[in-house]
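# Reading the structure
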Amino acid sequence: MTSAAPRAGEPLTLDDFAEHARRELLPEVWDFIAGGAGRERTLAANEAVFGTVRLRPRALPGIEQPDTSVEVFGSSWAAPVGIAPVAYHSLAHPDGETGTAAAAGRLGLPLVVSTFAGRTLEEVAGAADAPLWLQLYCFRDAGTTLRLALRARDSGYQALVLTVDTPFTGRRLRDLRNGFAVPAHVTPANLSGSAAAGSATPGAHSRLAFDRSLDWSAVARLRDLSGLPVLAKGVLTARDAEAAVGAGVAGIIVSNHGGRQLDGVQASLEALPEVVSAVRGSCPVFLDGGIRSGADVLVALALGARAVFVGRPALYALAAGGSEGVHRMLTLLIAEFADTMVLTGHASPGTIDADTVILPGHGRPATETTAPHTDRSHG
Ligand SMILES: Cc1cc2nc3c(=O)[nH]c(=O)nc-3n(C[C@H](O)[C@H](O)[C@H](O)COP(=O)(O)O)c2cc1C
Ligand SMILES: CC(C)CC(=O)C(=O)O
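We now turn to the structure provided with this report. What you see is a predicted model, and the numbers here were worked out from it, not measured in a lab. Residue numbers restart at each chain and count upward from 1, following the sequence in its written direction. Going through the entries in the order they are written, you letter the chains from A and number the ligands from 1. The predicted nature of this model means local features are confined to residues of pLDDT at least 70 and side-chain atom pairs, given and counted, to a pLDDT of 80 or more, with totals for whole chains, interfaces and linings taken over all residues. Hydrogen atoms and water are omitted, and side-chain values are computed over all heavy atoms in the structure.

## Regarding the site of ligand 2
Taken together, Phe 32, Ala 87, Phe 116, Tyr 137, Thr 169, Arg 172, Pro 202, His 257 and Arg 260 make up the full set of residues adjacent to ligand 2. The side chain of Arg 172 places a nitrogen or oxygen atom 2.7 Å from an oxygen atom of ligand 2. Polar here means any residue outside two lists: the nonpolar Ala, Val, Leu, Ile, Met, Phe, Trp, Tyr, Cys and Pro, and the charged Asp, Glu, Lys and Arg; Gly therefore counts as polar. Within the shell around ligand 2, the residues separate by chemical class into five nonpolar, two polar and two charged. Residues are classed as near a molecule or strand on a simple rule: at least one heavy atom within 4 Å of it. A 3.5 Å cut-off defines polar contacts: any pair of N or O atoms within that distance qualifies, except that in protein one atom must be a possible hydrogen donor and the other a possible acceptor, and neighbouring residues in sequence count only when both atoms are side-chain atoms.

Here's what the structure looks like:
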């Protein structure tokens, strides 16, 4: 890929965007976004594990221009990359979720809007022209969740993402030490007036307001009510993947919530093969957690993900440059992915298989060291 020479100081990597954001944000806001639960072992592992996988190059691949696009639930995405649901984009920049949606939409990439978005579902829909999904937390006040699902359907959202790893938010020590509270000007726009609107301290609020009696029957309830496909976000084991499939999910997002829930669990990438194998091609499997480069995207696809989502990098790019910053970050990620495709000999994402990577401790391609999970032929 040819690209124009960068201007001095322009971010050249996703890590550069994080560095810009760290300088822009108040320390306690940076900590809320960057931090994880407990000793942050899982948070660290999410990124570090990508550094342990080796790529297998392809000489003279004969690819002029790779086609990075993928199809998901009948929609074309410009690349196998979306934006994970992250609360309160307006913490990072006044453009908030509408800025993020506009940037992703210009590039043909999807956005998953958080239950705790700072802009209304309808405002975000007005700003985006790429697929939108709505992430749902289920509240004790069940009506609040059901109304959100119906509003999403009515404003053209294409899927619901039920977060299944959060009966309450994890113990995030940075926030506890900082006494972090969401600033008064940042509010959950879609919960206003509801019993779930709650307080400014996300941890305490989640313990009061989230429905801990929730079980897998929620999938069918939300699907039947809204007519939308429902994905489960936060699956890390074969057992939970089988439960999700049994409950009728349309897709699974392998995720540990960016290391913000149960510290000590596997990195998302480590859990991916087990989940892909358990699902046996019955629904697409996605991954979030630790994706910081185009090569990381390729590695996740090689181990069976249909597509990946980035969480923190979207907020960092927003903090660094508003909607334009998100556009630049996503453009960079797609360009890195396209370059990595060419150098590993893939003209389209569909051919990226386990033969493209070597897992830690093995001198051989992952095809020979991992079982049948590499089948991504499912719809
Ligand atoms: C500041 C912040 C807020 C988040 N808010 C939500 C949320 O509202 N709902 C949800 O399901 N996940 C939420 N997540 C988790 C992300 O969807 C995603 O799982 C995680 O950020 C992926 O890891 P990454 O940041 O390494 O890309 C949040 C993550 C962060 C960093
Ligand atoms: C407001 C919070 C519940 C959002 C969240 O899921 C998180 O901070 O990880």
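Moving on from the coordinates now.
## A look at the nonpolar core
Only buried residues count toward a nonpolar core. Its members are Ala, Val, Leu, Ile, Met, Phe, Trp, Tyr and Cys residues joined through side-chain atoms within 4.5 Å. Buried, partly exposed and exposed residues are distinguished by accessible area as a fraction of the type maximum, computed with a 1.4 Å probe on protein chains only: under 20%, between the cut-offs, and over 50%, respectively. Counting 107 residues, the largest nonpolar core has Ile 252 and Leu 269 as its most contacted members. Under the scheme used here, helices are H or I runs from DSSP no shorter than 4 residues and strands are E runs no shorter than 2 residues, and both carry numbers assigned from the N terminus. If you tally residues by element for this core, the top one is helix 13 (residues 312-343), at 14 residues. Contact between two residues is taken to exist if any of their heavy atoms lie within 4.5 Å; hydrogens are not considered. If near-sequence neighbours (up to four positions away) are discounted, Leu 269 is found in contact with Val 49, Phe 50, Val 53, Leu 287, Val 299, Ala 300 and Leu 303. Membership of the second largest hydrophobic core comes to 13 residues, among which are Val 70, Ala 84, Val 161 and Leu 231.

## Some remarks on the site of ligand 1
In the vicinity of ligand 1 there are 22 residues, among which Pro 85, Ser 114, Thr 163, Asp 288 and Arg 292 approach most closely. Here an oxygen atom of ligand 1 and a side-chain polar atom of Thr 163 are 2.7 Å apart. Between an oxygen atom of ligand 1 and a side-chain N or O atom of Arg 292, the distance comes to 2.8 Å. A 1.4 Å probe and the Shrake-Rupley method give the accessible areas. Residues count as covered only by the protein chains that appear here. Calculation on ligand 1 without its partners gives an accessible area of 610 Å², and the protein chains cover 98% of this total. Its residues assigned to classes, the shell around ligand 1 shows eight nonpolar, nine polar and five charged.

## Notes on the packing of helix 1 (residues 14-24) against helix 13
A fitted line through C-alpha atoms represents every axis, and for helices the fit uses only the stretch in contact; the resulting angles, taken between N-to-C directions, go from 0 to 180 degrees. Running from N to C, helix 1 and helix 13 cross one another at 170 degrees; their axes reach a closest spacing of 10 Å. Between helix 1 and helix 13, the crossing angle belongs to the class labelled roughly antiparallel. Along the contact surface, helix 1 presents Leu 14, Phe 17, Ala 18, His 20, Ala 21 and Glu 24, while helix 13 presents Pro 313, Tyr 316, Ala 317, Ala 319, Ala 320, Gly 325, Arg 328, Met 329, Leu 332 and Leu 333. Each angle is binned into one of four classes, with values under 35 degrees roughly parallel, values over 145 roughly antiparallel, values of 65 to 115 roughly perpendicular, and all other values oblique.

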